[in-house]
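# An overview of the molecular structure
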Amino acid sequence: MKYRYQAKTKTGEMQVGFVEAMNKDMAVNILTSHELFVTLLEPAEKKYWYEGITSYFEKVRRKDMVIFTRQLATLLEARLPLNTALKTLYEQTNQPILKEATYQIAEDIDAGSAFSQALERQGDLFSNFFVSMVRSAEVTGNLNEVMGFLADYIEKEDILITKARGALIYPGIVIGLFVAVSVILVTVVFPQLKPVFEQGGVELPFITKILINSGGIIGKWWPVLGLGAFLLFIVILDYVKSPEGQAFWDEMKIRLPIISKVHVPVTITRFSNAAAILLKGGVPLAQSVEIVSHTIDNVLYQDLLREVSEEVRQGIPLSEAIAKYPDYFPPLVSQMLVVGESTGQLDKMFNRISIFYGREADNVINNIVDLIQPILMIGIGLMVGLLFASVLLPIYKLTATFGAG
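So, how was this worked out
- Residues numbered from 1 in each chain as written.
- Predicted model: local features only at pLDDT ≥ 70, side-chain atom pairs only at ≥ 80, totals over all residues.
- Heavy atoms only, no water.
- Helix = DSSP H or I, 4+ residues; strand = E, 2+ residues; numbered from the N terminus.
- Contact = heavy atoms within 4.5 Å.
- Areas by Shrake-Rupley, 256 points an atom, 1.4 Å probe, with all protein chains shown as cover.
- Axes fitted to C-alpha atoms, helices over the stretch in contact; angles between N-to-C directions.
- Parallel < 35°, antiparallel > 145°, perpendicular 65-115°, else oblique.
- Left-handed = near helix turned anticlockwise from the far one by under 90°.
- Nonpolar A, V, L, I, M, F, W, Y, C, P; charged D, E, K, R; others polar.
- pLDDT = per-residue confidence, 0-100.
- Salt bridge = Lys/Arg side-chain N within 4 Å of Asp/Glu carboxyl O.
- Buried < 20%, exposed > 50% of the residue type's maximum accessible area, 1.4 Å probe, protein only.
- Core = buried A, V, L, I, M, F, W, Y, C linked by side-chain atoms within 4.5 Å.
- Expected span 1.5 Å × (residues − 1).
- Phe/Tyr/Trp six-rings, centres within 6.5 Å; stacked < 30°, edge-to-face > 60°.
- Lys NZ or Arg CZ within 6 Å of the ring centre and 35° of its normal.
- Patch = residues over 30% accessible without salt bridge, like charges linked within 9 Å, V, L, I, M, F, W, Y side chains within 5 Å.

## Focus on the overall build of the protein chain
Secondary structure assignment for the protein chain yields 16 helices and three strands. Put simply, 60% of the contacts in the protein chain that link residues at least 6 apart link residues at least 24 apart. Carbon and sulfur atoms make up 62% of the accessible area of the protein chain, which amounts to about 23400 Å² in all.

## Examining the packing of helix H3 (residues 62–77) against helix H4 (residues 82–92)
Orientation of H3 relative to H4, taken along the N-to-C sense of each, is 140°, at an axis distance of 10 Å. One way to sum up the angle between H3 and H4 is to call them oblique. Note on packing geometry: the crossing formed by H3 with H4 is right-handed. Between H3, through Phe68, Gln71, Leu72, Leu75 and Leu76, and H4, the contact on the second element is made entirely by Leu82, Ala85, Leu86, Thr88, Leu89 and Gln92. Among the residues forming the contact of H3 with H4, the class breakdown is eight nonpolar, three polar and no charged.

## Points about the confidence of the model for the protein chain
For the protein chain, per-residue confidence averages 80 on the pLDDT scale, and 90% of positions sit at 70 or higher. Across residues 46–57 the pLDDT falls below 50, and counting only partners more than four positions away or on other chains, this stretch makes one contact in the model.

## Side note on the pattern of salt bridges
Under the criterion given, the structure shown has 14 salt bridges. For the salt bridge of Arg70 with Asp152, the shortest nitrogen-to-oxygen distance reads 2.8 Å. Residue Arg70 is found in helix H3, and its partner Asp152 is found in helix H8 (residues 143–199); the two are separated by 82 residues along the sequence. Residue classification places Arg70 among the partly exposed residues on the basis of a relative accessible area of 31%. Classification of Asp152 by relative accessible area gives partly exposed; the value is 41%. Because the salt bridges share partners, they merge into one network encompassing Arg70, Asp152 and Glu155.

## Quick word on helix H12 (residues 285–293)
An α-helical turn contains 3.6 residues, so a residue and the one three or four places further along point in the same direction. Every buried residue belonging to H12 is among Ala286, Ser288, Val289, Ile291, Val292 and Ser293, and all of these are buried. Packed against the buried residues of H12 are helix H7 (128–140), helix H11 (257–280), helix H13 (299–313) and helix H14 (318–323).

## Observations regarding the packing of H7 against H11
Between two packed helices, the angle of one axis relative to the other and the distance separating the axes together describe the packing. Interhelical geometry of H7 versus H11 gives an angle of 20° and a closest axis separation of 9 Å. Accordingly, the angle class assigned to the pair H7 and H11 is roughly parallel. Judged by the sense of rotation from one axis to the other, the crossing of H7 with H11 is right-handed. Residue-level contacts link Phe129, Met133, Ser136 and Thr140 of H7 to Arg270, Ala274, Ile277 and Leu278 of H11. For the contact of H7 with H11, the class distribution of residues is five nonpolar, two polar and one charged.

## A few points about the nonpolar core
Soluble globular proteins: nonpolar side chains tend toward being buried together. Counting 71 residues, the largest nonpolar core has Leu72, Phe115, Phe126, Met147, Phe329 and Phe350 as its most contacted members. Setting aside residues up to four positions removed in sequence, Phe329 forms contacts with Ile268, Phe271, Tyr301, Leu304, Leu305 and Ile322. One finds Val186, Val202, Leu211 and Val391 within the second-largest nonpolar core, a separate group that totals twelve residues.

## A word on helix H10 (residues 243–255)
For H10, built from 13 residues, the straight-helix expectation of 18 Å at 1.5 Å per residue is met to within 8% by its first-to-last C-alpha distance of 18 Å. Among the residues making up H10, those that are buried are Gly245, Asp250, Lys253 and Ile254. Buried residues along H10 sit in contact with helix H9 (206–241), H11 and H13.

## Remarks on the packing of aromatic side chains
Across all of its chains, the model carries nine aromatic pairs by this definition. Arranged with centres 5.4 Å apart and planes meeting at 50°, the rings of Tyr90 and Tyr103 form a pair that is tilted. Of this pair, Tyr90 sits in helix H4 while Tyr103 sits in helix H5 (residues 96–110), placing them 13 residues apart in sequence. Arranged with centres 5.0 Å apart and planes meeting at 50°, the rings of Phe126 and Phe130 form a pair that is tilted. This pair shows no difference in class: Phe126 is buried, exactly as Phe130 is. These aromatic residues form a ring-pair network of at least three members: Phe271, Tyr301, Tyr325, Tyr328, Phe329 and Phe350. A cation over an aromatic ring shows up here: Lys99 above the ring of Tyr90, its NZ or CZ 4.4 Å from the ring centre.

## Looking at the side chain of Ser288
Looking at the secondary structure, you find Ser288 in helix H12. Relative accessible area serves as the criterion here: at 1%, Ser288 is assigned to the buried category. In this view, Ser288 contacts Leu278, Leu279 and Val283; residues no more than four positions away in its chain are not counted.

## Considering the side chain of Ser272
Positionally, Ser272 belongs in helix H11. By relative accessible area, which is 0% here, Ser272 ends up buried. The contacts of Ser272, once residues within four sequence positions are left out, are Phe350, Ile353 and Ser354.

## Section: a nonpolar patch on the surface
Taken together, the side chains of Ile217, Ile218, Trp221, Trp222, Val224 and Leu225 present a nonpolar region at the surface, about 630 Å² in accessible area. Among the secondary structure elements, Trp221 is positioned in helix H9. Accessibility expressed as a relative area gives 44% for Trp221, which makes it partly exposed.

## Description of the environment of Val312
Considering the arrangement of structural elements, one finds Val312 in helix H13. In this structure the C-alpha to C-alpha distance between Val312 and Leu285, which are 27 residues apart in sequence, comes to 7.7 Å.

So, in structure tokens, the structure goes:
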């Protein structure tokens, strides 16, 4: 967004001009970094209501994040200082939001902030996992290796999400058409057929009665029902964002059959990767486990790993502490850690655990994605058949009644 500003220089001269920034705070930061004292700052153009909609399509894509992370890892591997690497990325990045964020990160680091702190201030772009992994890399000093891992991770995530969306496009269109046809039948067609069936003395099937009655209710009370559905959605959304709701949802990720098959391996992969990086960098085991707890986006795993960290400090082997939680860490994890502890190569064993469960998560996700289309199509076919049967059966009975008469 473009802002018009008035500012004074160090010598007291008045300066007027325009500055491009994502928001007003960033505009002030940019001007301050150029040693300007801002006296006036206002939008250069009137902001219309539809700009909020168009800004949705200007979000940073995962592909942009993959390129950014990969390029940063390459520059760091070439032993460029972090700030120099960020300024190089600023010149090369074309995505305006990511470009502005890169500039702000470089400015924060110049001002004395840690890289993880600068990333945390750009929370809309960089996830907690991303920031936590960078924070762990700052402890070990292997930032280039962590950035390479993050680039691989985001790229893999993008491939899976793209594949899942592609598989859902056709079923989504069919579901949309089915819902539209159903609403028209239930609210328009069925109420008009009801008097005909009543006059013909036709005994309606149970499903037809439900659809006819629900159509009448929807047609009469649709404003109230719509408002109620909207309020229910707001309440659920507010609950999910609360600490209690987040804990409930995180527990469901572990308990629900299909979701747990994906969530648990992915979480173990994250845990193992971060632990391997920290241990390889010379961080003590108990401290590594505590740091890793901040990279996990599940509050139950976070609490569990903090408890495990305390037990390790008390002298309990990691494998024994983790074995107490079979719902969160399958027995294979503790068994492999026993081998790592006995050989003194715990970091390498964490790498093997990460590879194993990473492949398991990929296989489960790919299988689920491949099954989405046929399952949805079968389900839609059954619903369409049920919907039309509820119409055709009474008509058939009505025809048979007139024929007998």
